[in-house]
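# Fold and contact review
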Amino acid sequence: QVQLVESGGGLVQAGGSLRLSCAASGRTFSSYAMGWFRQAPGKEREFVAYISRSGGGTLYADSVKGRFTISRDNAKNTVYLQMNSLKSEDTAVYYCAARSRDGSSVYSPLLITFYNYWGQGTQVTVSS
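These figures come from a predicted structure and were not determined experimentally.

### Description of the pairing of strand β5 (residues 46-51)
Counting buried residues along β5, five of its six residues qualify, which places the element largely inside the surrounding structure. Where strand β4 (residues 33-39) and β5 come together, five bridges link them in antiparallel fashion. Counterpart to Met34 in the pairing with β5 is Ile51. Pairing of β5 with strand β6 (residues 58-60), which is carried by three bridges, proceeds in the antiparallel orientation. Within the sheet, the bridge partner assigned to Tyr50 lies in β6 and is Leu59. The hairpin turn running from β5 into β6, its antiparallel successor, is six residues long, and Gly55 in that turn takes a positive phi close to 90 degrees.

Laid out in structure tokens, this is it:
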């Protein structure tokens, strides 16, 4: 089992940058595929980015492609989300998620059900 703790959220002006971090407990972080999701008020939680266990594979939502970068440091048990050129529509609670090797049969990292562990979230507010 893994516990996930997000940090790095806050208030930023449009066009600015933030870097979110997600620290994972345990000694087997490298065995987890990781993702970031976000949920704006009144909206469903949506996929933002995914990174494979080794870090060699990444996926992004079209809405953030070219502006956000997901990365991981397996030695530090941490996954990051670098967010640049932020827009007001990026305002949301951002969640870190992990999928273990024995996770669900869902194949797509874009789906919530692909992941079996979630953090508590960190608020990102972009002012225009």
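Now that the structure is up, let's keep going.
### Here's the deal with the sheet that holds strand β3 (residues 18-24)
Taken in spatial order, the four strands of this open sheet run β1-β3-β8-β7, and their pairing is antiparallel. For this open sheet the edge positions go to β1 (4-7) and β7 (68-73), each flanked by a neighbour on one side alone. This sheet shows a mean twist of 15 degrees between the axes of neighbouring strands, independent of strand direction. Relative to strand β8 (residues 78-83), β7 runs antiparallel, the two being bridged by six bridges.

Procedures and definitions
- Residues numbered from 1 in each chain as written.
- Predicted model: local features only at pLDDT ≥ 70, side-chain atom pairs only at ≥ 80, totals over all residues.
- Heavy atoms only, no water.
- Buried < 20%, exposed > 50% of the residue type's maximum accessible area, 1.4 Å probe, protein only.
- Helix = DSSP H or I, 4+ residues; strand = E, 2+ residues; numbered from the N terminus.
- Pairing = 2+ DSSP bridges.
- Axes fitted to C-alpha atoms, helices over the stretch in contact; angles between N-to-C directions.

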